[in-house]
Amino acid sequence: MASRGKKIVLAASTSESCEHMHSTWKQMLLATLPARYASVFNVTWASEGETWPDGQAKYVPQGLRVVEALLAEKFPHADIAVCYADQLDQFVGEDTQVVGIHAHNPLGITFATDVYAYFYGADVEPINAEEFRRLILHPVLRQHKHHLKIIVGGPGSWQIDKKGLQDQWMIDCIVDGEAEETVVPLFQAALRGEPLPRKVEGHSPRLESIPRLKHRSTFGAVEITRGCGRGCQFCSVALRAGKSLPLEQILANVRVQAAEGADFALLVTEDLFLYEHGPRFAPNVPALKKLFESVAAVEGINYIGLTHGTMAPIVAEPNMLSELQLAVDKSVHTHPASTHPEKRYQNLFIGIETGSPRLFRGLMKGKGYPFLPEQWPDVVLKGMEILNRHNWFPFCTWIIGLPGETPDDTRQSLDLLHSLKDAKWCVVPTLFVPLEDTRLAKRESAKLYQLTDLQWEFFFTCWRYNLDFFHRSKKAHLVYNLGIPFYYYLLGRRLFGKAMKYPLLRMGHFPEWILKHKLYLDFSGKRTPRLPVPERVPVPDHSFRPALPAT
Ligand code: B12
Ligand code: SF4
């Protein structure tokens, strides 16, 4: 198309924008599955984006919609276009002066991403990375580079800096962090043709600087809170100041989603239970209930999805989930193990991260507040029981190789994992990654080829649970069981050595009467888990100790 293009073009990759089957889980896989074998996994949907008749993207990640909304307050609507890589040449032309690109996970080097791609060989990269490259190296950007500036921002923009790709990819400026109060001056400078700083560090904006969205975001994502005061040392969001968005603004944003065809609203938060919370992280159940009811009442919204939450408030307020039943009734997810009349279950991403109270105390004690670090295993077990009883099947992460992890810590994680063997959940083991801007940024990342026998056992026991809980067909089970020894002898042994052998065979349902002699945990049915689910977990009296973690 021989158009002169738009002055401002905003773009995101399709693998970070797609919302195939309303499944956040499926999109997360794109951070993990190797690009080279994408066709084998039948994920062609990852490179296709839905567009409006004029070629603009129907939905892109919410962060980019925030940038669009900020720019729309200053520049004419007609000067801005939002698109995917395949439509870039419709919008980038002689008149284009600035291209802003969103990066959620552009190189796949964050938690739980490259880890899994490595199973296919060292030179394999995840689909996210390939799709981002298709966007950033689009020929039309090179063709017009002499008169336009490229700005990349988003939660994963640091990855480009870390890998030293800024110049090769001709990026003028990388924006790292929250951008509400930097976007407009930066784009104004670009439009004036001025040189841009190579890197801009964002900072937490005032609540009133967060704009209302103008258009639809992927999964109908709408922020309900920003930031988190719990202060875990490995987490980049820990540094974002905590705030709840006003209900009116949330609902206006949900209406925008519905008006552009979304039937799903994903309520984005670091911790659902921080929404309008009371003193010392106390959940505000009436406010949460009102939030769900109001969102569900928006015409066109049939489903409500949730992002993150923490265990501690569920245990501290054991009756809370029955008050929030609507979240399950409006969930898009179903599973035969649900006791809901329509077999629905609600999902919540919860970081368990470790079973070791020692590591918990050193690295993340605020996550368990108001409970004490030594209560963490009890909090996890009790929290899971309450969640499952109310048909909440959480998606939990667990970090292997945290700085200072000893074999004893790994054993404690294995003991806790064993005690969760009948839980209704998904558990994703991730390897520790020192994220930029965190207090652990300078620490060594954990590496697959350095995992100990115990860490491998932890890793594959998690996947054994997931296969048993989510793989519903016998045929799929059989394929995995037979494929696993083949994988080990053809590739796994060469890539990672013998330490993975027996743990991997456990994932492949190899007979336990053999494995119990080779592994730490005994799954032969004779050993009951070491940690029973407690009747109740007492909330300690904090009046004589410092209550909140330093952030
Ligand atoms: C919703 C969400 C998801 C959803 C939907 C993602 C999507 N593509 O739409 C799902 C569950 C699918 C998901 C998946 C993943 N996610 Co995610 N996700 C989030 C979450 C909870 C909210 C994102 C959001 O909407 N935030 C609100 C907006 C306003 O913030 P923002 O995106 O950061 O945007 C601001 C700035 O970054 C900046 N900005 C954004 N874009 C641009 C563009 C330009 C040009 C500029 C100048 C500025 C700019 O301005 C915005 C306003 O301040 C965040 C945590 C968080 N609270 O941010 C994690 C988070 C972003 N995800 C994370 C990760 C690791 C992933 C996965 C890789 C997880 C995995 N291992 O599988 C996958 C990757 C999936 C993929 N295909 O890309 C990490 C990112 C860490 C990193 N990149 O190093 C975060 C921070 C969670 C965490 N605490 O670790 N995610
Ligand atoms: S609870 Fe910890 S890991 Fe979760 S968002 Fe808060 S600081 Fe980050």
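Look a little higher up for the structure.
Quick notes on the rules
- Along each chain, numbering runs from 1 in the same order as the chain's sequence is written.
- Following the order in which they are written, the chains are lettered starting with A and the ligands numbered starting with 1.
- Only residues with pLDDT of 70 or above have their local features reported here, since the model is predicted, and side-chain atom pairs are shown and tallied only from 80 upward, although totals for entire chains, interfaces and linings are computed over all residues.
- Hydrogens and waters are ignored; side-chain quantities use all the structure's heavy atoms.
- Consider each residue's heavy atoms; a residue with any of them within 4 Å of a molecule or strand counts as near.
- Whenever two N or O atoms come within 3.5 Å, that pair is a polar contact, provided that in protein one can donate a hydrogen and the other can accept it, and provided that, for residues adjacent in sequence, both atoms are side-chain atoms.
- Numbered from the N terminus, helices here are DSSP runs of H or I no shorter than four residues, and strands are runs of E no shorter than two.
- When residues are sorted by character, Ala, Val, Leu, Ile, Met, Phe, Trp, Tyr, Cys and Pro go into the nonpolar class, Asp, Glu, Lys and Arg into the charged class, and all the rest, Gly among them, into the polar class.
- Buried Ala, Val, Leu, Ile, Met, Phe, Trp, Tyr and Cys residues that are joined via side-chain atoms within 4.5 Å together make up what is termed a nonpolar core.
- Summary of the burial criterion: residues with accessible area below 20% of their type's maximum are buried, those above 50% are exposed, and those between are partly exposed, where the area comes from a 1.4 Å probe applied to protein chains only.
- Each pair of strands is called paired provided DSSP finds at least two bridges between the two strands.
- When the strands point away from the viewer and the connection leading from the first strand across the helix to the second strand turns clockwise, the crossover is called right-handed.
- To define axes, lines are fitted to C-alpha atoms, for helices over the stretch in contact only, and angles between the resulting N-to-C directions are given on a 0 to 180 degree scale.
- Note on definitions: a residue-residue contact is assigned when non-hydrogen atoms from the two residues lie within 4.5 Å.

Trainee: Looking at this structure, I do not really get the site of ligand 1. What am I missing?
Mentor: For ligand 1, the set of nearby residues contains 43 residues, the closest of which are Glu16, His104, Trp158, Glu180 and Glu270. One of the side-chain nitrogen or oxygen atoms of Gln62 is found 2.8 Å away from an oxygen atom of ligand 1. Glu270 is positioned such that a nitrogen or oxygen atom in its side chain is 2.3 Å from a nitrogen atom of ligand 1. Among the elements of the structure, α1 (14–17), α2 (24–29), α3 (62–72), β3 (98–102), β4 (149–153) and α8 (158–162) are those that each provide at least two residues to the shell around ligand 1. Looking at the shell around ligand 1 element by element, the count peaks at five residues for α3. A breakdown of the residues in the shell around ligand 1 according to their chemical character gives 17 nonpolar, 19 polar and seven charged.

Trainee: Would you mind going over the nonpolar core with me for this structure?
Mentor: Counting residues in hydrophobic clusters, the biggest one holds 95 residues, and the most contacted among them are Trp392 and Trp425. Sorting elements by how many residues they give to this core places helix α18 (residues 453–470) first, with nine residues.

Trainee: Where do I start with the pairing of strand β10 (residues 264–268) in this structure?
Mentor: Moving residue by residue along a regular strand, the side chains alternate between the two faces of the sheet. Across the five residues of β10, four count as buried, placing the element largely inside the fold. Here strand β7 (residues 221–223) pairs with β10 via three bridges, running parallel. Paired with Ala221 across the bridge in β10 is Leu266. Pairing geometry for β10 and strand β11 (residues 303–306), over four bridges, is parallel. Each residue of the ladder has a partner; that of Ala265, found in β11, is Ile304. The parallel pair β10 and β11 is bridged by helix α11 (residues 285–296), and the resulting crossover is right-handed.

Trainee: Teacher, can you tell me more about the sheet that holds strand β1 (residues 8–11) here?
Mentor: By definition, the strands of a sheet pair up through backbone hydrogen bonds, in either a parallel or an antiparallel sense. Across the sheet, six strands lie side by side as β2-β1-β3-β4-β5-β6; this open sheet has parallel pairing. Single-partner strands in this sheet number two, and they are β2 (80–83) and β6 (199–201). Each strand axis lies, on average, 20 degrees off the axis of its neighbour in the sheet, ignoring direction. Set on the sheet, α3 makes contact with β1, β2 and β3; between it and β1 the angle comes to about 165 degrees.

Trainee: Explanation requested: the site of ligand 2 in the structure shown.
Mentor: In the neighbourhood of ligand 2, the contacting residues comprise Cys228, Arg230, Gly231, Cys232, Phe234, Cys235, Ala238, Glu270 and Lys367. Partitioning the shell around ligand 2 into residue classes produces five nonpolar, one polar and three charged.

Trainee: Got a minute to help me understand unusual backbone geometry in this structure?
Mentor: It is generally the case that most residues other than glycine have a negative phi and that most peptide bonds are trans. Residue Pro370 is bonded to the preceding Tyr369 through a cis peptide linkage, with omega at 15 degrees. Despite not being glycine, Phe281 shows a phi value in the positive range, around 65 degrees. Within the fold, Phe281 resides in the loop between β10 and α11.

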